[in-house]
Amino acid sequence: MTITMRSYSFTWTDPDGTPRASAVAYDKVSAGRRRDELDKAGATDIERVDVKPGQLPAPRR
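So, here's what we can say about the structure. (Residues numbered from 1 in each chain as written. Predicted model: local features only at pLDDT ≥ 70, side-chain atom pairs only at ≥ 80, totals over all residues. Heavy atoms only, no water.)

Considering the pattern of salt bridges
What counts is decided by this rule: By definition, a salt bridge exists where a carboxyl oxygen of Asp or Glu is found within 4 Å of a side-chain nitrogen of Lys or Arg. A run of DSSP states H or I qualifies as a helix once it reaches four residues; a run of E qualifies as a strand once it reaches two. Both are numbered from the N-terminal end. Only protein chains enter the area calculation, which uses a 1.4 Å probe; residues under 20% of their type maximum are buried, those over 50% are exposed, and those in between are partly exposed.
The tally for this structure, following the rule as stated, stands at 3 salt bridges. Linking Arg-34 and Glu-37 is a salt bridge whose minimum nitrogen-to-oxygen distance equals 3.1 Å. In this pair, Arg-34 and Glu-37 both sit in helix α1 (residues 28–40), 3 residues apart, roughly one turn of the helix. With relative accessibility at 45%, the residue Glu-37 sits in the partly exposed group.

This is how it looks when you write it as structure tokens:
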């Protein structure tokens, strides 16, 4: 049986309107914490993105 670890990253918009993307990938638990941090910081358009090893999303424009 093979267990595949899933990794997640985020794209979001800062309160000042700047589009951003995570510079790291998170496991499921850490991704939940990061989403909470982004919400508390006033980020909008938060989107969790499934990523593969070595892959990160680009900020939305």
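Considerations on unusual backbone geometry
With a phi close to 50°, Asp-45 is a non-glycine residue in the positive phi region. With respect to the helices, strands and loops of the structure, Asp-45 is situated in strand β3 (residues 44–51).

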